[in-house]
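Summary of the model geometry
What follows is the residue order along each chain.
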Amino acid sequence: MASSLLSKPSLNSNNISFSSSLSTPHLCPLRRSSSITFHIRPRRRNPSVQAKIREIFMPALSSTMTEGKIVSWVKSEGDVLSKGESVVVVESDKADMDVETFYDGILAAIVVGEGESAPVGAPIGLLAESEEEVAEAKAKAASSSKIAPSTPPPAASPPPAPATVPSPSPVEVSSPPVSDGPRKIVATPYAKKLAKQHKIDIGSIVGTGQFGRITPVDVETAAGIAPKSSISNVASANVASPAAPAPPPKAAAAAATAPLPSIPGSTVVPFTTMQAAVSKNMVDSLSVPTFRVGYPVMTDALDSLYAKVKPKGVTMTALLAKAAAVALAQHPVVNASCKDGKSFTYNSSINIAVAVAVNGGLITPVLQDADKLDLYLLSQKWKELVDKARAKQLQPHEYNSGTFTLSNLGMFGVDRFDAILPPGQGAIMAVGASKPTVVADGDGFFSVKSKMLVNVTADHRIIYGADLAAFLRTFAKILENPESLTL
Amino acid sequence: MQASISLSATSHSSPAIARSDRSVEFINTNALKPVNLRFCGLRREALGFCALKRSGSRSAVLSGRRSSSRELSASLSQNGVSSKGFDYDLVIIGAGVGGHGAALHAVEKGMKTGIIEGDVVGGTCVNRGCVPSKALLAVSGRMREFQNEHHLKALGLQVSSAGYDRKGVADHANNLASKIRSNLTNSMKALGVDILTGVGTILGPQKVKYGKVGFSDNIITAKDIIIATGSVPFVPKGIEVDGKTVITSDHALKLESVPDWIAIVGSGYIGLEFSDVYTALGSEVTFIEALDQLMPGFDPEIGKLAQRVLINPRKIDYHTGVFASKITPAKDGKPVTIELIDAKTKEPKDTLEVDAALIATGRAPFTKGLGLENINVETQRGFVPVDERMRVIDKNGNLVPHVYCIGDANGKMMLAHAASAQGISVVEQVGGKDHVLNHLSIPAACFTHPEISMVGLTEPQAREKGEKEGFEVSVAKTSFKANTKALAENEGEGLAKLIYRPDNGEILGVHIFGLHAADLIHEASNAIALGTRIQDIRLAVHAHPTLSEVLDELFKSAKVSSVSSPIREPVAV
């Protein structure tokens, strides 16, 4: 009884209970526990007013949200805002949410009025830093609303967080218009939903259903997703997955600077959204000064432990992630990241991202708090993530919250490789295959032991050679005495 | 046109459409006060389930209940005695849930009671409404659980694949209806209510004839008459119902087919519940709603949330602000065609081609052939006009003595349990005790997954009333996300909303959307019925962890300004 009652305070301390009076008609019904903050970036068009007038953007409130509707502006033009105040209520496909400002300032202009919709990332209002800029901002708002349709498309704006890969929906396929006159399109409700979700022009699809109607399968076919086998089962059993491929960035970078002469007969296949995101992240990674440190790890003990726990559903990925997390807990700097080139950002939790190859793409599901979860929970969590990745149902926080990445190509027989550091993280570990190796010990005795080479790529602005070496030594010790992992 | 009709019937608070909810027995156990006979009757019903295999225990129970069975026989003998030259003290026309409730209460009050049924005992609710639809919804709820892999995994469950047998599902609904029907019949027989078969017609004051077609009529006299003839599905003009591809709830409940794509005309309770059933069984659904938004009649905030959960993520789309002006059943290899016109401009808007159409535009009173002209009564859009005591009003606006009308036929609140409550109220009056039923305390529920329930006023109604009468209205809300039991079930989606007067703590309305909302509402409806104030009920204790704590939180989060003493105030019931 006592214990059951003990949990009651947490009920009450939960923020979710509301009480409102007449004055707040627009309480959001499903306020998520944390409020959403604007993503405001300084205007780029005019450098002279940089950081004085900020655009308020339509935030992405959920992974499936492509556009949002302004339910109401809590503040009106001319109101002075202070950081953290609710400014506007946005309706997404999931819920109404209060959106708060991240900056102090004056709400100079409302670009998108109540009841109107805007794509994610489009400016919905302007925030001026002081009175003087208000007029200027208003002028800007007026001019921008004239060219309203040319608001930056959502793809151009940075995603809310450094997403390794944004939500895996294929990009708008250039839809060949059908030219057989005004044909009545009959599509089932779910087909229409799918088309919207995948940004397929329903008019471009030829229906194969009864009475020529467009069925969900037709849309899936048009979207290029085979109804079920959307992902190659790379991450099916107990192995992790191929890591960040090295070649694309250079190719992409080169392509960006100087177009290469095309070889006759070649086919051009545009990137999917996921591939485009990989490409972008790879190019971005070039701005970070990285270095690499390798370390051999003897895995006999690990292998025998693995044999023991495998029947309980523990995967090698979970073992490695757990070991890395435990080592990171002792070396917080390796779990840190450098956001602005001026400081260390020490992350409060250890979230291990694991690279997974999916059909035509790459995604990094994240094992959150990997140091705190036990091995079995971690394995279970991993299985869920892989299943979600296969179903393309990973939520943004499930693939972009990593603080350290693990990439394992060992199952392909790769003995060592070099991973590219994803933006926003301090280090990534590349794990090779474990192979029987002749080893000499200090007394000169030879023996055959399983050896695995791991190679960590890190941001040298914050992580130095000794840091990485010490981390790797800890990591190796953990793997060589792995019993503690099962505790 | 369709929805406007149901709306006009709603006029103030309650959705008139509903029907597909409520189970029967609960209503009876919700007697206004503890009553031996009622319990006795119910106990027999309960026994009926196991009577075959446990006849021994039956006799044991009966002997244990000797005192009450003696009372029963006493009342039986009473029922055999006609009073003051009438054949019956009370004759009820229509043996639906309303008539049944009235009959039981009347016998208990010592009246000789007859009930005329022209169709089947149980009426719409038991045979073509709430009861069989609950069977289908029970199936759809489980199908949803089995299909929701994500949800199952979160609970650590594995289900390989979910499938269903249409015939089996349909049989379940049918079996449930016949079981409840026989329980109902038995409960009346056990109490000695005379079940008179045939169509009842009022011949004049205190005189009723009944009889089957082709047989000679029987004429009986009764001191008081209750009309409880109920309603039938309303089908707007231009819609051709063939019972196969264009259907009403009557046909849909038999579940003779599960179409790939079905259009549901009307997004009230009936439409919403069927959308839940059909989508769970694999159909795609298109709603056609005459008003500008789906789910009219619900509190707007609840409706909005419900739409996010019950409509948007499912295989459902919708057309709002349009009438289905013409619906042609599928024939000659052509699909069902639905012509849509703009609700305001009446201009043609669209034509839909679907596999089936369900007409869920509300219900029309069934009052034809009642002989109302014999007592100078004229129906209003088919409804029998009544005052707040269910006394029938004639053409000239005068009360017709000894004639009452309850349930869907009067259109006050088209809910099974409302009919029963009205019937009991009438019997109280006939028995010499004045009684006015507070319709604002009657809960309503929609058994989707998750469920929606409500009692009292919606927020806009409450605000309007507050403005008119000069009191402040406040709103408190709690989320199911904060409830331990809901989270244990992994069903944190939901909202409970309390509309109240902050000055005196009066509960004006409660709306719940979430797991088991239909069961949760009764704490609020009972509080409204008994006039309990928030400051009193907030001190009541709820078991932890239960879903009822959602309401506990709700009452506790309300801010009542007057620091009135926690001692119960005397309140008029």
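See the structure shown above.
Keep in mind that this is a model prediction, so the values were computed, not measured. (Residues numbered from 1 in each chain as written. Chains lettered and ligands numbered in written order. Predicted model: local features only at pLDDT ≥ 70, side-chain atom pairs only at ≥ 80, totals over all residues. Heavy atoms only, no water.)

**Things to note about the side chain of Glu398(A)**
Structurally, Glu398(A) can be placed in helix 11 (residues 396–399). In contact with Glu398(A), not counting residues within four places along its chain, are Thr364(A), Pro365(A), Val366(A), Leu385(A), Lys388(A) and Gln393(A). (Helix = DSSP H or I, 4+ residues; strand = E, 2+ residues; numbered from the N terminus. Contact = heavy atoms within 4.5 Å.)

**Brief notes about the packing of helix 6 (residues 97–108) of chain B against helix 10 (residues 166–191) of chain B**
Residues and elements named next belong to chain B. It is the contact of helix 6 with helix 10, at a shortest axis distance of 10 Å, that shows an interaxial angle of 20°. Regarding the angle of helix 6 to helix 10, the classification is roughly parallel. Crossing of helix 6 over helix 10 shows left-handed handedness. Listed contacts from helix 10 to His-100, Ala-103, Leu-104 and Val-107 of helix 6 are Leu-184, Ser-187, Met-188 and Leu-191. (Axes fitted to C-alpha atoms, helices over the stretch in contact; angles between N-to-C directions. Parallel < 35°, antiparallel > 145°, perpendicular 65-115°, else oblique. Left-handed = near helix turned anticlockwise from the far one by under 90°.)

**Things to note about the nonpolar core**
Of all hydrophobic cores here, the largest spans 58 residues; its most connected members are Ile352(A), Met429(A) and Phe471(A). Of the residues forming this core, the biggest block, ten residues, is contributed by helix 9 (residues 316–330) of chain A. Excluding anything up to four places from it in sequence, Phe471(A) contacts Ala324(A), Ala327(A), Leu328(A), His331(A), Val334(A), Phe404(A), Met429(A) and Val456(A). Grouped together as the second largest cluster of nonpolar side chains are 53 residues, Tyr88(B), Ile93(B), Leu370(B) and Val426(B) included. (Core = buried A, V, L, I, M, F, W, Y, C linked by side-chain atoms within 4.5 Å. Buried < 20%, exposed > 50% of the residue type's maximum accessible area, 1.4 Å probe, protein only.)

**Focus on the pairing of strand 18 (residues 399–405) of chain B**
Residues and elements named next belong to chain B. In this sheet, strand 18 lies alongside strand 6 (residues 218–227) in parallel orientation, the contact comprising three bridges. From the neighbouring strand, Ile-225 faces strand 18, where its bridge partner is Val-403. Pairing analysis gives two bridges linking strand 17 (residues 391–393) to strand 18, with the strands arranged antiparallel. The residue of strand 18 that forms the bridge with Ile-393 is Leu-399. Between strand 17 and strand 18, which pair antiparallel in sequence order, lie five residues; one of them, Gly-397, sits at a positive phi of approximately 85°. (Pairing = 2+ DSSP bridges.)

**Describing the side chain of His331(A)**
Residue and element names in this part refer to chain A. Along the chain, His-331 falls in the loop between helix 9 and strand 13 (352–354). Overall, the relative accessible area of 16% leaves His-331 in the buried class. Side-chain polar atoms of His-331 contact the backbone oxygen of Ala-470, separated by 3.5 Å. Contact partners of His-331, with chain neighbours within four places excluded, come to Asp-467, Ala-470, Phe-471 and Thr-474. (Polar contact = N/O pair within 3.5 Å; in protein donor to acceptor, adjacent residues only side chain to side chain.)

**What to know about the packing of aromatic side chains**
Residues and elements named next belong to chain A. By the definition in use, this model includes five aromatic pairs over all chains. Between Phe-344 and Tyr-346, the ring centres sit 5.8 Å apart and the planes meet at 10°, which makes this aromatic pair stacked. The exposure class of Phe-344 is partly exposed, given its relative accessible area of 38%. Ring centres of Phe-471 and Phe-475 lie 6.3 Å apart, and the angle between their planes is 25°; on these two criteria the pair is classed as stacked. (Phe/Tyr/Trp six-rings, centres within 6.5 Å; stacked < 30°, edge-to-face > 60°.)

**Focus: the sheet that holds strand 13 (residues 336–342) of chain B**
All names here are of chain B. Pairing is antiparallel across the open sheet formed by three strands, whose spatial order is 12-13-14. Taken across any chain shown, the strands that pair with only one partner, and hence form the sheet edges, are strand 12 (322–328) and strand 14 (348–354). Pairwise comparison of adjacent strand axes, ignoring direction, gives a mean angle of 25° for this sheet. Sheet topology note: the strand 12/strand 13 ladder contains six bridges and is antiparallel.

**Some remarks on the sheet that holds strand 9 (residues 261–265) of chain B**
For sheets, the rule is that strands pair by backbone hydrogen bonds, running either parallel or antiparallel. All names here are of chain B. Read from one edge of the open sheet, five strands run 8-15-9-10-11, paired in parallel fashion. If you trace the sheet from one side to the other, it starts and ends with strand 8 (246–248) and strand 11 (316–320), each paired once. Taken over all neighbouring pairs, the strand axes of this sheet differ in orientation by 20° on average, direction set aside. Bridge count between strand 9 and strand 10 (residues 284–289): five bridges; the pairing is parallel. Each residue of the ladder has a partner; that of Ile-264, found in strand 10, is Phe-287.

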